[in-house]
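# Tertiary structure, described
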Amino acid sequence: VLEPRAVERRLEEAARDLILREVPRAQGVFLARFEPSARDTVEPVVHAAVTELSRLPHDARGFVLLADGDGGTLRTAPGADGEGGPIAEARAGIGIVGEAAVSGGSELVEDTTADPRATGPERDGGSLVVAALCAGDVTLGVVGATATGGPFRSADLEVVTAIAALAGPAIGRAMGVVPGP
């Protein structure tokens, strides 16, 4: 009989193996959404990212926030279609999402109500997974998801990080931050 933690560890390992098998396929599907005609604007890239983020488990609600002109406020990106998630805005350096934007990193919080850094909207989201959205060495904003139906796991963070890595350069090209391929 396996202990609960051992079962959880084996499930996470199985999920990681699945990701390693499926991410190359998913990258091809995801990248196909960014044909040259779609690179002119941010909206199709953001829409694709939010769609993929919202496929995470536990009734996930994906979001993409882009920094405004002064970089102090992160706002819902054009094309996000207001998927109904609680996080529509954040301040750079404030809360879990704002810290991810400033650090350029990623984070998984299983229960935001227990995290003293969480802002009101982050607490309303339940579980949170977020990654900085970068184009080259420029942080454009963040991508992430919230879930009230259960906690995210490390495999979910890997998926969000992969989406950020794919969407960041495409959004950067559309915004003129980085040159095209």
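Report on the accompanying structure. (Residues numbered from 1 in each chain as written. Predicted model: local features only at pLDDT ≥ 70, side-chain atom pairs only at ≥ 80, totals over all residues. Heavy atoms only, no water.)

This paragraph deals with helix 5 (residues 154-175). For helix 5, built from 22 residues, the straight-helix expectation of 32 Å at 1.5 Å per residue is met to within 8% by its first-to-last C-alpha distance of 31 Å. Alanine 167 marks where helix 5 bends most, by close to 25 degrees; the proline proline 169 follows one to four residues later. (Helix = DSSP H or I, 4+ residues; strand = E, 2+ residues; numbered from the N terminus. Expected span 1.5 Å × (residues − 1). Bend = angle between axes of the 7 residues up to and from the residue.)

This part is about the nonpolar core. The biggest cluster of nonpolar side chains holds 30 residues, and the ones touching the most others in it are Val46, Val64, Leu66, Leu133, Val143 and Ile171. Counting residues per element, the ones that place at least two in this core are helix 2 (43-53), strand 1 (61-67), strand 5 (127-135), strand 6 (138-147) and helix 5. In terms of residues, this core owes the most to one element, helix 5, which gives eight residues. Each residue touching valine 143, except ones within four places of it in the same chain, is listed here: Leu53, Phe63, Val64, Val129, Val130, Ala131, Leu133, Val160 and Ala164. (Core = buried A, V, L, I, M, F, W, Y, C linked by side-chain atoms within 4.5 Å. Buried < 20%, exposed > 50% of the residue type's maximum accessible area, 1.4 Å probe, protein only. Contact = heavy atoms within 4.5 Å.)

Let us look at the pattern of salt bridges. Considering all chains together, one arrives at eight salt bridges under this definition. Notably, a salt bridge pairs glutamate 107 with arginine 117, separated by 2.5 Å at the nearest N-O pair. Taken together, the positions of glutamate 107 in strand 4 (residues 106-109) and arginine 117 in the loop between strand 4 and helix 4 (120-124) put the pair ten residues apart, joining distant regions of the chain. In this structure glutamate 107 comes out as partly exposed when scored by relative accessible area, which is 24%. One salt bridge connects arginine 117 with aspartate 115, and the closest N-O pair in it is separated by 2.7 Å. A relative accessible area of 27% places arginine 117 in the partly exposed class. Of the residues examined, aspartate 115 reaches a relative accessible area of 11% and is grouped as buried. Connected through salt bridges with shared partners, the residues Glu99, Glu107, Asp115 and Arg117 form a single ionic network. (Salt bridge = Lys/Arg side-chain N within 4 Å of Asp/Glu carboxyl O.)

Okay, a nonpolar patch on the surface next. A surface patch of nonpolar side chains, amounting to about 200 Å² of accessible area, comprises Val138, Met175 and Val177. Along the chain, methionine 175 falls in helix 5. (Patch = residues over 30% accessible without salt bridge, like charges linked within 9 Å, V, L, I, M, F, W, Y side chains within 5 Å. Areas by Shrake-Rupley, 256 points an atom, 1.4 Å probe, with all protein chains shown as cover.)

Further remarks concern unusual backbone geometry. One non-glycine residue with positive phi stands out, namely histidine 58, at about 70 degrees. Tracing the backbone through its elements, the reader meets histidine 58 in the loop between helix 2 and strand 1. A relative accessible area of 31% places histidine 58 in the partly exposed class. Positioned with a positive phi, aspartate 59 is a non-glycine residue whose angle comes to about 60 degrees. Of the residues examined, aspartate 59 reaches a relative accessible area of 44% and is grouped as partly exposed.

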